[in-house]
Amino acid sequence: MNQLITTSIDKTLQKENLIFLGEWCKQTNLEKKNDNQNKNILPHHWSDKEKLERDYKYLTNLNDNLIKLFTQKLNKFHQLNYSEKSWRIILGSWLPLYLSTMFDRWESLRIFFDKYEKDIETYSFTIDENIFYNYGTLDFIEKGVQNDFWNHKNFSRIIDFQYKSKVNVHKDKINIISDLSKNENFILQKSFLKSLLKKMFILVDDVLSFIGIRTNKIVIENFYHRKTDLLKILIRSKIFPAFYLNTFNEDKYKKNLEIEEEKRKKFFNCESCSNDFEKYLFNAFVTDFPVAYLEKFELLKKSNGKLNKLKKDKIFTKVSYIMNERFKLWLAEMVSNKTKLYVGQHGGCLNTKLNGFLGLDKKIADKVLTWNETRKTNEIQMSPIELFRFKNIKKKNQKNLLIVNGETARYPCKIQSHPFAEEYKKSLTGTYKLIEKLKADIKDNIVYRSNDLGYKTAEQIKEKFNEVNIDVFQKTSMKDNLQHSRLAVCTYPETAVSEIIFSRIPLIIFIPDNLYEFDNDSNEIVEMLKKSKIYFQDPEEAAKHINLIWEDPFKWWNEKNTVESIKKFEKFALSTREDWLSEWTNLITSKND
C-alpha cells in the first residue's frame, strides 16, 4: 500500500512506501527522521515550462472571466454599480494569487492520481474549518506560502471532492490547532531613541494625514521613498506634506473572522463552471472568499466615511493597492469618480516573462511607473528613488564576500517565470560548488544573506560550511551588510541586484540555467553581462573569477568593458536622472499624463 504524504506535518512520516507530493513535504529538521524522504518525490509540474505557459494562459482567462462574473454578483449583493475596473482594484491582487495557489494544489494531486491509480492511503487530520477564513490578500499569502496545516487541509479537501473513491483516507482523531498568529520572523533591532522618534513621527503624520487626505487633490500614498526625498517632491509639487501611514489602518477589522455560510452557498453557485477544477473552486470559495469583500465590506466602506466622497485628480500607490483592503475600497471609489491611478513598481531589475499577478497593474492603472526601459504606451520609466538610501553608503572594513539569496517559496502562490519547489536545489547546490571552489581566505569572510520561506537554505549552507556567517533579511538590513562587503554575489535577478549596483559594490550574478525565463529585452542584457563576466551560470567559472579578482575587485569593476556593461544595465533597469526631483514633480503636477 502506497502512502501519500501531502505536507511535512511530522506525524505523517511514520510508515514505509511513502510517496511525497512535492519538495515541500521535506523539511531539514525532519530529514534525518526518515531516510525514505529522498525517494518518491513528485517533481513540480511547473518545472515543465511549456505546461507553465499553458496554465498561465488558462488562469489569466479564468481570472478575467471571474472578475466579470463577480462584478455582476457583488454589485447585486452590495447594491452597488461599480465598474469592472473598480472590482478588479478590490479583488485583483487576491484573486490571481488564490487561483494560482488552488490550481497548483489541484494539479499536483491530479498528476499523482494519474500515476498511482490504486493501493493508495493517506491521513486526514482534524483541523479547524476556520483556517480557510481569510480577511484579505495578506493573510491568505501567509497561509498559502508556508502553513502546513492550511495546505494539508486544502489537499484533503481536494481529495474528498475529487478522489474519494481512489484512496483510503485515515481520519486521525487528534485535533490539530494551528496558531496562525505565530510569527517566527526576526525584527530589525532599533535603539530606544529610534523607536521613540518613530512613534513621535507617526503621531505627527497622523495629524498631517488627517488634513492632507482631505485637502490634497493629488495623493501619494505610503511610497517606499526615503521620507526626506518624498518630502522634497511634495513641497516642490505644492502638495500638503503627509505620508498617510495610518490613514487606512485596518488591524481591528482583521479580528473575529466569521462567515455567513448559507448566504455564501447561494452566492457561489457554479452556473458557468467548465471543468472539475472550476467546480471545486466555487466549492472552496464558500469558506475562502475574503470577508473584506462580503461580510465586512460595508463595515470597511463605512470606516472610510466622508473620505469616499472626496474628489481627487491623481492617486499614486506602490504597495497598498495589493495588501490593504480598506485602501482598495477607497481607491475603487476614487477611480469610480474618474481619479487617475498611477501604480509604481517598488522594485526592479531584469523582467521575467510571466507576471505573478496576471497583468494586474496594466489593467487597473492609467500609468504604470517602472524602473525598466519600456516601449509600452501606459508605462513610464522613472528614476528609482527607493535606491537613494544605497547611495554613498559608508564603507567599513570591507573584507566580506556577501552572498545574497532569495529563497523559493515552499508552497507556490504565484504562477510566474521563477523556480518552483525542488528547483531551488539547483541554485543551492550551485552555491555549494561555488563556495567549495573559493580560496580558504575568501571562505572565512563569507556572509550568506537569505530570507526564509520554508526551505531554510541558510541552515543548509551553515551545516555544510561551518565557517560561513549567516544573516537573514529580518535581522540585518541590506545596507548594513553592504557596508562591510568587498564583493557581492547575488543568486536571483531581482531588486537586490539593483541595490548592490547602485551602492557601487562590485557584483557577481550567479544563476544556473533554466531557473528564470526573461523577456526579450532582459535576455539581451543578460547576454551582455555574461560577456563582461558579471553574470554566470556555471558555479566553478564564477568561483574562478572571484578568486582572480578578490584582492582588488574594484580594479575589475572599473575596467572599460565592465563599466560600459554596468552603464547599459543602469540605463535599462535603474536609470537615475540628475534632476530627478523635476522629473517626478513634472509627472505629478502635469495635466496631460
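For the structure itself, consult the block above.
Rules behind the numbers
- Residues numbered from 1 in each chain as written.
- Predicted model: local features only at pLDDT ≥ 70, side-chain atom pairs only at ≥ 80, totals over all residues.
- Heavy atoms only, no water.
- Helix = DSSP H or I, 4+ residues; strand = E, 2+ residues; numbered from the N terminus.
- Buried < 20%, exposed > 50% of the residue type's maximum accessible area, 1.4 Å probe, protein only.
- Contact = heavy atoms within 4.5 Å.
- Axes fitted to C-alpha atoms, helices over the stretch in contact; angles between N-to-C directions.
- Left-handed = near helix turned anticlockwise from the far one by under 90°.
- Nonpolar A, V, L, I, M, F, W, Y, C, P; charged D, E, K, R; others polar.
- Core = buried A, V, L, I, M, F, W, Y, C linked by side-chain atoms within 4.5 Å.
- Pairing = 2+ DSSP bridges.
- Salt bridge = Lys/Arg side-chain N within 4 Å of Asp/Glu carboxyl O.
- Disulfide = S-S within 2.5 Å.
- 1 Å grid on protein atoms, 1.4 Å probe; cavity = no way out; pocket = protein on both sides within 12 Å on 5 of 7 lines; lining within 4 Å.
- Points joined across faces, edges and corners; volume = space filled by probe spheres on them.

Within the chain, the secondary structure is distributed over 23 helices and 15 strands. Each principal axis of the C-alpha atoms in the chain carries an extent, and together these give about 65 × 60 × 50 Å. Here the chain holds 593 residues, and the buried ones make up 57% of them. Here the contacts in the chain between residues at least 6 apart in sequence split such that 76% fall between residues at least 24 apart.

It is worth spelling out the packing of helix α14 (residues 424-436) against helix α20 (residues 539-549) at this point. Two elements in contact, α14 and α20, have axes separated by 8 Å at closest approach and are oriented at 35 degrees. Seen from above, α14 lies across α20 with right-handed handedness. Listed contacts from α20 to Gly430, Lys433 and Leu434 of α14 are Pro539, Ala542, Ala543 and Ile546. Within the contact of α14 with α20, the residues separate by chemical class into 5 nonpolar, 1 polar and 1 charged.

Our focus in this paragraph is the nonpolar core. If you look at the biggest cluster of nonpolar residues, it comprises 188 residues, and the most contacted ones within it are Phe285, Phe289 and Phe569. Element by element, the count of residues in this core is highest for helix α3 (residues 94-115), at 11 residues. If near-sequence neighbours (up to four positions away) are discounted, Phe569 is found in contact with Cys349, Leu350, Val497, Ser498, Ile501, Ile525, Met528, Leu529 and Leu574.

In this section: the sheet that holds strand β15 (residues 535-536). Across a sheet, strands are paired by hydrogen bonds formed along the backbone, either parallel or antiparallel in direction. With respect to topology, 6 strands assemble into an open sheet ordered β12-β11-β10-β13-β14-β15, the strand pairing being parallel. The outermost strands of the open sheet, each flanked by one partner alone, are β12 (469-472) and β15. The pairing of strand β10 (residues 400-405) with strand β11 (residues 446-450) spans 5 bridges and is classified as parallel. Along β11, the bridge assignment pairs Leu402 with Val447. The sheet strands contacting α14 are β10, β11 and β14 (507-510), and the helix crosses β14 at an angle near 135 degrees.

Here the structure, examined in full by the defined rule, presents 33 salt bridges. Among the ionic pairs, Asp104 bridges to Arg105, the shortest N-O distance being 2.7 Å. What makes Asp104 buried here is its relative accessible area of 0%. The salt bridge involving Lys301 is made with Glu333; its shortest N-O contact spans 3.4 Å. Here Lys301 is found in helix α10 (residues 297-303), whereas its partner Glu333 is found in helix α12 (residues 325-336), with 32 residues between them in sequence.

Now for the state of the cysteines. If you walk through the whole model with that rule in mind, you get 1 disulfide. At a sulfur-sulfur separation of 1.3 Å, the disulfide partner of Cys270 is Cys273. Here Cys25 stays free of any disulfide, with the sulfur of Cys413 as its closest cysteine sulfur at 18 Å. By relative accessible area, Cys25 is classed as buried at 0%. Its sulfur unpaired, Cys490 is 7.6 Å from the next cysteine sulfur, which belongs to Cys349.

If you trace the backbone, Thr247 turns up in the loop between α7 (227-236) and α8 (261-267). With relative accessibility at 17%, the residue Thr247 sits in the buried group.

One way to see where empty space is left: roll a probe the size of a water molecule over the atoms. Considering only enclosed or pocket space, the second largest pocket measures out at about 380 Å³ in volume. Taken together, 21 residues line the second largest pocket, and the ones lying closest to its centre are Glu129, Lys153, Ser156, Arg157 and Asp160. Counting only elements with at least two residues in the lining of the second largest pocket, the list comes to β3 (120-127), α5 (148-162), β4 (168-176), α8 and α9 (276-288). With 6 residues, the single largest contributor to the lining of the second largest pocket is α5. Residues belonging to the lining of the second largest pocket are distributed by class as follows: 7 nonpolar, 6 polar and 8 charged.

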